[in-house]
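These are the residues of each chain, in order.
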Amino acid sequence: GLLILPPGRSRADGPFPLVTLVHGGPDARYADEFVLDVGSPGQWLAAAGYAAFLPNPRGGTGHGREFSAAVVGDLGGAEWSDILAGIDMLVDAGVADPERLGIAGPSHGGFMAAWAVGQTDRFKAALVNAGISDWGMIAGTGEYGPMDGVLAGSFGWEGTGPHPHDRVSPISFASKVRTPVLIVHGEDDTNVPLAQAIYFHRALSHFGAEHELVVYPREGHGLRERNHQRDLLLRTRAWFDRWLGDPGGA
C-alpha cells in the first residue's frame, strides 16, 4: 500500500489522524502517483493534515492471479485482514492515532467501508461511496451481476437460505454499526444501483445509527459534474473533520 503524509511532515511528526481509502474493483490497485480522484482523495485529505493510507490488499491486481482470486467466495476475509494489518502497522509505528481512524472508498471500496463498520468500532467515521450493501441484490440488478454473484458465493436463487452472500453482506451486520457513516451515491448508477445505498440507509435508520445519505442527481457510477465533484471533496473533508477532529487545529 501507499502512505500519503501532510505536506512538509514526516512519520516522526505523528501520530496523525488516519483515513484509509480502499480502492474499487476489487481488481484494481493504487500506483505510486498523484492520487486525487473524488472517490480516493489522498492528496486532498493529506493537504488538510490527515495521513492517508491507500492499501493494496488481496483481490487487487499487480501481484498475480492467485493474489487477485483470493477474495472469490471470501469477500471481507483476506482483503479485510490485509487492510487491518496495514492500519495496525501504522498505529504501532506511531504514524496513525488509534483514536482518530476513518475509512472510505468507492464501489468495492465502499463495500469495504460498509463492511468495516459492521465488524469493528475502531473507526470514528466512515464514507461509503457507491458501495455494495447486499450482494444478493446486486447479483440480480447490477451491470456485473454474474461476476458479483460468483465473488459473493451465491445469487439468492439457490434455495431458501441463508445464503453464502448473506454472510459477506454489510446489511447483515447493520445492527452492529456504531460508527457515523456518510453514504453517497449517484442517482442513475447502473453498476451499483442506488437501491444499495437506500437499503443500507433504511437499515441504519432502523437501528438508530448515526449516518447521512446524499444522492447526486444525473450521476452514474462516479461523479462527472464539476459541482458534484467539488461538493463531494468538501463534504468528505468536513465529515472527517467532524468526527476525527480538524487536523489543522490539532
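Residues numbered from 1 in each chain as written. Predicted model: local features only at pLDDT ≥ 70, side-chain atom pairs only at ≥ 80, totals over all residues. Heavy atoms only, no water.

Draft legend 1. Here's a closer look at the overall build of the protein chain. Each helix and strand in the protein chain was counted, giving 9 helices and 7 strands. Considering only C-alpha atoms, the protein chain reaches an extent of 55 × 40 × 30 Å along its principal axes. Looking at the protein chain as a whole, 52% of its 250 residues qualify as buried. Considering only intrachain contacts with a sequence separation of at least 6, the fraction spanning at least 24 residues in the protein chain is 73%. With the model as given, the accessible surface of the protein chain reaches about 10,800 Å², and the carbon-plus-sulfur share is 51%. Taken as two groups, the 19 positive and 29 negative side-chain charges of the protein chain have centres that lie 4 Å from each other. (Helix = DSSP H or I, 4+ residues; strand = E, 2+ residues; numbered from the N terminus. Buried < 20%, exposed > 50% of the residue type's maximum accessible area, 1.4 Å probe, protein only. Contact = heavy atoms within 4.5 Å. Areas by Shrake-Rupley, 256 points an atom, 1.4 Å probe, with all protein chains shown as cover. Lys, Arg positive; Asp, Glu negative; His and termini not counted. Charge placed at Lys NZ, Arg CZ, Asp CG, Glu CD.)

Draft legend 2. Spatial organisation of the sheet that holds strand S1 (residues 2-4). Strand order in the open sheet made by the 7 strands is S1-S3-S2-S4-S5-S6-S7, with mixed pairing throughout. The strands lining the two open edges of the sheet, one partner per strand, are S1 and strand S7 (211-216). Neighbour-to-neighbour, the strand axes of the sheet open up by a mean angle of 15°, direction not taken into account. Here 3 bridges tie S1 to strand S3 (residues 51-54), and the two strands are oriented antiparallel to one another. (Pairing = 2+ DSSP bridges. Axes fitted to C-alpha atoms, helices over the stretch in contact; angles between N-to-C directions.)

Draft legend 3. Main features of the layout of surface pockets. Of the voids in this model, the largest pocket is the one considered here, and its volume is about 490 Å³. Residue lining of the largest pocket: 28 residues in total, with Asp-37, Gly-39, Ser-40, Pro-106 and Gly-222 positioned closest to the centre. At the level of secondary structure, the elements contributing two or more residues to the lining of the largest pocket comprise strand S6 (181-186) and helix H9 (226-244). Class assignment for the residues of the lining of the largest pocket results in 11 nonpolar, 13 polar and 4 charged. Within this model, the second largest pocket holds a volume of roughly 170 Å³. In this structure, the second largest pocket is lined by Gly-25, Asp-27, Ser-107, Ile-132, Trp-135, Ile-138, Tyr-144, Met-147, Asp-148, Asn-191, Val-192 and His-221. (1 Å grid on protein atoms, 1.4 Å probe; cavity = no way out; pocket = protein on both sides within 12 Å on 5 of 7 lines; lining within 4 Å. Points joined across faces, edges and corners; volume = space filled by probe spheres on them. Nonpolar A, V, L, I, M, F, W, Y, C, P; charged D, E, K, R; others polar.)

Draft legend 4. Quick look at the pairing of S6. Counted residue by residue, S6 has 6 buried out of 6 residues, so it is predominantly covered. Across the two faces of S6 the burial is the same, with Val-181, Ile-183 and His-185 and Leu-182, Val-184 and Gly-186 all buried. Where strand S5 (residues 125-129) meets S6, 4 bridges bridge the pair, whose relative direction is parallel. Note on S6: the bridge partner recorded for Leu-127 is Leu-182. Pairing geometry for S6 and S7, over 6 bridges, is parallel. In the sheet register, His-185 faces S7, and the bridge partner there is Val-215. Regarding the hand of the β-α-β motif, the stretch spanning S6, helix H8 (residues 195-206) and S7 is right-handed. (Right-handed = clockwise from strand over helix to strand, strands pointing away.)

Draft legend 5. Highlighting the pattern of salt bridges. A full pass over the atoms with the stated rule returns 8 salt bridges. Arg-9 is paired through a salt bridge with Asp-13; the nearest N and O atoms lie 3.7 Å apart. A salt bridge links Glu-210 to Arg-242; the shortest N-O distance between them is 3.6 Å. Here Glu-210, found in the loop between H8 and S7, pairs with Arg-242, found in helix H9; they are 32 residues apart in sequence, far enough to count as distant. Taken together, the salt bridges that share partners define one network made up of Glu-210, Glu-212 and Arg-242. (Salt bridge = Lys/Arg side-chain N within 4 Å of Asp/Glu carboxyl O.)

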